[in-house]
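Chain residues, written in single-letter form:
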Amino acid sequence: MNDYAGQHEVISENMTAQITVDLARYVQELKQERKSPRSRARRTLAGGRKARKVAGRGFPGTFYSSGPPLLRNPLPALRPAATFGDPRTTAVQAPRFRRGVAERGARATVARRQRTSPGWQNWSSMRSNMSTAEAQSIAIPAQAQVVICGGGIMGTSVAYHLSKMGWTDIVLLEQGRLAAGSTRFCAGILSTARHLTIEQKMADYSNKLYHQLEQETGIQTGYIRTGSIFLAQTQDRLISLKRINSSLNVTGIPSEIISPKKVAELYPLLNVHDLVGAMHVPEDAVVSSADVALALASAASQNGVQIYDRTTVLHIMVKKGQVTGVETDKGQIECQYFVNCAGQWAYELGLSNEEPVSIPLHACEHFYLLTRPLETPLQSNTPTIVDADGRIYIRNWQGGILSGGFEKNPKPIFTEGKNQLEIQNLQEDWDHFEPLLSSLLRRMPELETLEIMKLVNCPETFTPDMRCIMGESPVVQGYFVLAGMNSAGLSFGGGAGKYLAEWMVHGYPSENIWDLDLKRFGALQSSRTFLRHRVMEVMPLIYDLKVPRWDFQTGRQLRTSPLYDRLDAQGARWMEKHGFERPKYFVPPDKGKKSHFYLLALEQSKTFYKPDWFDIVEAEVKCCKEAVCVIDMSSFTKFEITSTGDQALEILQYLFSNDLDVPVGHIVHTGMLNEGGGYENDCSIARLNKRSFFMISPTDQQVHCWAWLKKHMPKDNNLLLEDVTWKYTALNLIGPRAVDVLSELSYAPMTPDHFPTLFCKEMSVGYANGIRVMSMTHTGEPGFMLYIPIEYALHVYNEVMNVGQKYGIRNAGYYALRSLRIEKFFAFWGQDLNTLTTPLECGRESWVKLEKGMDFIGREALLQQKQNGVYKRFTMFILDDHDTDLDLWPWWGEPIFRNGQYVGKTTSSAYSYTLERHVCLGFVHNFSEDSGEEQVVTADFINRGEYEIDIAGHRFQAKAKLYPVTSLFAHKRRKDDVELSDLHGK
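Going by the annotation in an unreviewed UniProt entry, the name recorded for the protein is Pyruvate dehydrogenase phosphatase regulatory subunit, mitochondrial, with Sciurus carolinensis given as the source organism. According to its UniProt record, the protein has this under Function (unreviewed entry): "Decreases the sensitivity of PDP1 to magnesium ions, and this inhibition is reversed by the polyamine spermine." On record in UniProt, under Sequence similarities (unreviewed entry), the comment for the protein is "Belongs to the GcvT family."

In structure tokens:
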């Protein structure tokens, strides 16, 4: 939550004198401030709009209480410029940092004293006794293992956790003072109620860390366990809270759904007449974010981390795709690793490298107000209120109120670039804040006469998908990023710093963090215009209702298939994946002609129940099974690996788990594993000739997969890796009549005898040559994938549709594809598979060449796992007592219970039109009832359990299967049809 502008001077051992000087100066400033006209102007919540007429500018980014400042920080020179989130502290404006090139001279003595210092205190004592000139000429070290840029809560958390893991050769640079960026303005609310499991775990870890940080460091952090109450004004909001509540409970975070009456008991000042319920999370807290950052910095310093403020990072030095050093305004530092924790300036810092690193984030103005204490001051443990339907949050602040929110019309800032070193309070805008103020007064009408102290306007950074950014750059090895917190930096700071530190030290984090990985984005998401428009949508979405299958509306039509306009004219409804437009489903012409309002309702449909597109997708699935459908799957990632000799085969045999030494024309399903045996990628590879391979991967694997291959492939001019995603349009021809369509178009036999399963061949389709035809569909249904050079795409599509008319052809979308693949028990990377999932855990032993004696990445881990047994097992669940029309639908992330005990979560779900049941996929664990430790999961353990799926607090019975059941149903149906025909014949 900070940029590479920050704050932090040093620490003084001469503590008494330092505190006396600070107190005298601060009290004098307070006296002068109280004489100003602004301090005498009384502003109330009811008169908030008029307040702007009497509000003076004062000290930007500061506020004052009625008493003297509490200099409780035992390290006064590290005190932040302002601490808005602290319920007790008065802060004074940070002196504006004057950027410039520091003097460079003979500093050997100072540098030696610094390196021999046991910790910050000694170094600070030394510095406090220096003259100003000497302090300005302090030398930075010439080399370090790690350089961290940014002295906010993210940078200090990374430094803290790295030092805890044994890495101490670390330099943290801050261009201003510690915690003088976004950390300084943080509202101080620590909330664990998140939609993503990984975000819940990060926030829970942060909560526990901050709780014990004061005892560890001796620095008071203002931590108070207040609990949070999340209000629901609608039934849909309550359903959303129930889903979160179920997830929190199985994660080990106490929470409960409560009635409006209970809300009134916990917070009597709230108006609860319009509520239908709420969620109470009793262990949430408030804390001073700046003091947390200082405590983390102090602990890191005591572990050997060197911290320099007023040091600006100019750019990162890169050689052959690897970080080699950092250029600052005080000299160069050679290093192996660089961590960009520069907050809202992370984007620009990334672009300043010799090899630019794309970090897509953008700042918006964020408003909250501070009030004087109530007539009966609020207690320090008063719960925090989140009224998402009203778009506001409320917390206690010094007996009064701190309240802000996320308005529908946010104001993006700094699009043109960086213009501040330390973040100052931006201009008040009461007209803009008025909707949030009105919402606050509706929720707490007794506050109308409460006096306002200040309306704070500060920048916050947001990302294109509302999830923070962490991980290693795909283009520069050793360049790590932790930024873009979407106003949740305090909640995520501890956990995010821990996971990034694990990533750097061990090569991977202890949890699956793909949803937060920098490599989920490409350079296409880094356009300033795109980011400005997208964050204007993202910021309101933070409090908007999260329903399944919603799509962003901004930044669309960025990447499209050549068939986009044609498909759009035929009724396609679109979703976006990795910037690529993909059809969800197609509105039939008869439905589209009936009513404009029908189409509008379909587009705006948001529900946790049966969706409006149910019948449309059912017709597409039925066509896939009985006739033939075509799905545009051009978004899939496509690479070609070629060599002049056997180099391509040799490196691919090492990088992939299945045997790729197959005859030309054969296709292999395989995984690209890490050292732990987990999936870095799940793909299909076709051998085009002896020296060339064609690789197909999921859409969002384009950046991640490329980076992994480039990292592990040797620097060999005879070996070529090419991204050909843009060169080919991909059409998926699904259904039993696909053979007839393709045979007629190619004048070639396409039956299994002539074109076996998992076979690839270049052939003519219509007038077009060089079409790569593959006998697979990614669904388990019969059919073909056609990889078409883009210049032929429209011609081939038209020919397929024209010829296919006699066979009942129609367009279909990804919703039908999802239903088909889930009922066939097909796992997809990014949804079901991740870097912590192995082939042995999801029934893919036959896709691994363990017995062939060939080495590949992850082999040792798989051999050990095969010997010891697996601790989770990929399982299919078929809901039994679920009413599709009336009950809430499962989507993903629902807790799974076996014999009443929690055993895992679903990873994906869909309605099976074949089984006429909902099907959920997920992993089953075996947790010990005594210790909670994971135990081996066997097929017998799966089969002997009674299962339930928890959907928003309601448990539905389910049958567990370790194999797809659709084949059994189809066999039974064919047998019944035969018997029926025999009966009619008789």
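Remarks on the overall build of the protein
Along its length, the protein carries 28 helices and 41 strands. Counting every position in the protein, which comprises 986 residues, the buried fraction comes to 62%. Counting contacts in the protein only where the partners sit at least 6 residues apart, residues at least 24 apart contribute 74% of the total. Summed over its atoms, the accessible surface of the protein is roughly 38200 Å², and 49% of this surface lies on carbon and sulfur atoms.

Regarding unusual backbone geometry
Positive phi is not limited to glycine here, since arginine 391 has a value of about 70°. Unlike most non-glycine residues, alanine 952 shows phi in positive territory, near 55°. Within the fold, alanine 952 resides in the loop between strand E40 (947–951) and strand E41 (954–961).

Comments concerning the sheet that holds strand E12 (residues 322–328)
The 3 strands lie next to each other as E11-E12-E13, forming an open sheet whose pairing is antiparallel. For this open sheet the edge positions go to strand E11 (313–319) and strand E13 (331–334), each flanked by a neighbour on one side alone. With direction set aside, neighbouring strand axes in the sheet form an average angle of 25°. Across 6 bridges, the pairing between E11 and E12 is antiparallel. Pairing of isoleucine 316 across the sheet is with valine 326, part of E12.

Quick word on the packing of aromatic side chains
This model, assessed by the stated rule, comprises 31 aromatic pairs. Both rings, one in tyrosine 337 and one in phenylalanine 480, keep their centres 6.3 Å apart while their planes meet at 45°; by these two values the pair is tilted. In this pair, tyrosine 337 sits in strand E14 (residues 337–340) while phenylalanine 480 sits in strand E22 (residues 479–483), placing the two residues 143 residues apart along the sequence. An aromatic cluster of at least three residues, connected via ring pairs, comprises Tyr585, Trp613, Phe614, Tyr815, Trp889, Trp891, Tyr911 and Tyr913.

With respect to the pairing of E40
In terms of burial, E40 is largely enclosed, as 4 of its 5 residues are buried. The sheet contact formed by strand E37 (residues 895–898) and E40 spans 3 bridges and is antiparallel. What sits directly across from phenylalanine 897, in E40, is glutamate 948. By the bridge criterion, 5 bridges tie E40 to E41 in an arrangement that is antiparallel. The residue bridging tyrosine 947 from the neighbouring strand is alanine 958, located in E41. Taken together, E40 and the strand that follows it, E41, pair antiparallel across an intervening segment of 2 residues, in which alanine 952 is found at a positive phi of about 55°.

Some words on the packing of helix H7 (residues 153–164) against helix H12 (residues 289–302)
Remark: H7 packs on H12, axes separated minimally by 8 Å, with the N-to-C direction vectors making an angle of 30°. The angle between the axes of H7 and H12 places the two elements in the roughly parallel class. With respect to the hand of their crossing, H7 and H12 are arranged in left-handed fashion. Between H7, through Ile153, Thr156, Ser157, Ala159, Tyr160 and Ser163, and H12, the contact on the second element is made entirely by Ser289, Val292, Ala293, Leu296, Ala297, Ala299 and Ala300.

Observations concerning the nonpolar core
Ranked by size, the top nonpolar core spans 54 residues in total, and within it Ile148, Leu162, Tyr210, Val339, Met470 and Leu482 carry the most contacts. For this core, the secondary-structure elements that each account for two or more residues are strand E2 (146–149), H7, strand E3 (170–173), helix H9 (197–217), H12, E22 and helix H15 (489–506). In this structure tyrosine 210 touches Ile153, Leu190, Thr221, Tyr223, Val287, Val292, Leu490, Gly493 and Gly494, once residues within four positions along its chain are discounted. Grouped together as the second largest cluster of nonpolar side chains are 38 residues, Cys760, Met776, Leu820 and Trp891 included.

Considering the environment of valine 276
Assignment of secondary structure puts valine 276 in the loop between helix H11 (260–266) and strand E8 (277–281). In the structure, valine 276 is positioned 18 residues away from isoleucine 258 in sequence and 9.5 Å away in space, judged by C-alpha atoms. Filtering out sequence-adjacent residues up to four positions away, valine 276 remains in contact with Ala232, Gln233, Thr234, Gln235, Leu238 and Pro260.

Looking at the pattern of salt bridges
Enumeration over the complete set of coordinates arrives at 39 salt bridges. Aspartate 429 serves as the salt-bridge partner of lysine 411, at 2.7 Å between the closest nitrogen and oxygen. Of the two residues, lysine 411 is situated in the loop between strand E18 (400–405) and strand E19 (412–413) and aspartate 429 in the loop between E19 and helix H14 (430–443); the sequence distance between them amounts to 18 residues. What makes lysine 411 partly exposed here is its relative accessible area of 25%. Between arginine 737 and aspartate 740 there is a salt bridge whose closest N-O contact spans 2.6 Å. With relative accessibility at 32%, the residue arginine 737 sits in the partly exposed group.

Thoughts on the state of the cysteines
Simply put, the disulfide is a covalent bond whose two ends are the sulfur atoms of two cysteines. Per the counting criterion, the structure on display carries 0 disulfides. Left without a disulfide partner, cysteine 149 is nearest to the cysteine sulfur of cysteine 341, which lies 8.1 Å away. Between cysteine 186, a free cysteine, and cysteine 458, which holds the nearest cysteine sulfur, the sulfur-to-sulfur gap is 8.7 Å. Judged by relative accessible area, cysteine 186 falls into the buried class, the value being 8%.

Looking at the confidence of the model for the protein
It should be kept in mind that the predicted coordinates are not to be read in detail where pLDDT is low. On average, residues of the protein carry a pLDDT of 84, and 82% of them reach 70 or more. The low-confidence segment residues 1–41, where pLDDT is below 50, has 144 contacts with residues more than four positions distant or belonging to other chains. Considering only residues more than four positions removed or in separate chains, one finds that residues 971–986, a stretch of pLDDT under 50, has 0 contacts.

Focus on the environment of serine 438
Relative to the helices and strands, serine 438 resides in helix H14. Note: C-alpha distance between serine 438 and leucine 45 (393 residues apart in sequence) is 9.0 Å.

Comments concerning the pairing of E37
Regular strands show a simple pattern: their side chains alternate between the two faces of the sheet. Residues Pro895 and Phe897 of E37 are buried on one face, and the alternating residues Ile896 and Arg898, pointing to the opposite face, are buried as well. From the end of E37 to the start of strand E38 (residues 901–912), which pair antiparallel, there are 2 residues, and asparagine 899 there has a positive phi angle of about 50°.

Thoughts on the sheet that holds strand E10 (residues 306–308)
Within the open sheet, the 6 strands sit side by side as E10-E3-E2-E14-E22-E21. Their pairing is mixed. Looking at the sheet topology across the chains shown, the edges are occupied by E10 and strand E21 (469–472). With strand direction ignored, the average angle separating the axes of adjacent strands in the sheet is 15°. As defined by bridge partners, E2 adjoins E14 across 4 bridges and the pair is classed as parallel. When the sheet's bridge partners are listed, cysteine 149 is paired in E14 with asparagine 340.

Re the side chain of aspartate 950
The topology assignment puts aspartate 950 in strand E40. Polar contacts involving the side chain of aspartate 950 include one to the main-chain amide nitrogen of glycine 953, which spans 2.7 Å. Apart from the residues within four sequence positions on either side, aspartate 950 is in contact with Ser246, Glu894, Pro895, Phe897 and Arg955.

Focus on H7
Taking 1.5 Å as the rise per residue, H7 with 12 residues should run 16 Å; its terminal C-alpha atoms sit 16 Å apart, in good agreement. Of all 12 residues making up H7, 11 are buried, and the element is well covered by its neighbours. Where H7 is concerned, the buried positions are Ile153, Met154, Gly155, Thr156, Ser157, Val158, Ala159, Tyr160, His161, Leu162 and Ser163. Positive phi shows up at glycine 166, right after H7, with a value of about 105°.

About the criteria used
- For every chain, the first residue of the written sequence is number 1, and numbering continues from 1 along that sequence.
- Under the rules for a predicted model, residues below a pLDDT of 70 receive no local features and side-chain atom pairs below 80 are neither given nor counted, while totals for whole chains, interfaces and linings still include all residues.
- The side-chain numbers reported here are obtained from all heavy atoms of the structure, hydrogens and water having been left aside.
- UniProt positions are given in the numbering used here, feature names are shortened, and annotations may be inferred rather than shown by experiment.
- Secondary structure is summarised from DSSP: a helix means a run of H or I of at least four residues, a strand means a run of E of at least two, and numbering begins at the N terminus for each.
- Buried, partly exposed and exposed residues are distinguished by accessible area as a fraction of the type maximum, computed with a 1.4 Å probe on protein chains only: under 20%, between the cut-offs, and over 50%, respectively.
- Contacts are residue-level and defined by heavy atoms, with any inter-residue pair within 4.5 Å sufficient.
- Surface exposure here means Shrake-Rupley accessible area, sampled with a 1.4 Å probe, where a residue is shielded only by the protein chains that are shown.
- Here, strands pair whenever DSSP counts at least two bridges between them.
- For helices, the fitted line uses only the C-alpha atoms of the stretch in contact; every axis is such a line through C-alpha atoms, and the angle between N-to-C directions lies from 0 to 180 degrees.
- Two aromatic rings, drawn from Phe, Tyr or Trp (for Trp, its six-membered ring), form a pair once their centres lie within 6.5 Å of each other, and the interplanar angle then sorts them: stacked below 30 degrees, edge-to-face above 60, tilted otherwise.
- By the definition adopted for this analysis, an angle is roughly parallel if under 35 degrees, roughly antiparallel if over 145, roughly perpendicular if from 65 to 115, and oblique otherwise.
- Here a crossing is called left-handed whenever its near helix is offset anticlockwise from the far helix by less than a right angle, and right-handed whenever the offset is clockwise.
- Take the buried Ala, Val, Leu, Ile, Met, Phe, Trp, Tyr and Cys residues and link them wherever side-chain atoms come within 4.5 Å; each set so joined is a nonpolar core.
- A pairing counts as a salt bridge when a side-chain nitrogen of Lys or Arg comes within 4 Å of a carboxyl oxygen of Asp or Glu.
- We call a pair of cysteine sulfur atoms a disulfide whenever their separation is within 2.5 Å.
- What pLDDT expresses is the predictor's confidence in each residue, scored from 0 to 100.
- For this analysis, a polar contact is any N or O atom pair within 3.5 Å, provided that within protein one partner can donate a hydrogen and the other can accept it, and provided that sequence-adjacent residues contribute only side-chain to side-chain pairs.
- What a helix is expected to span follows from its residue count: subtract one and scale by 1.5 Å.

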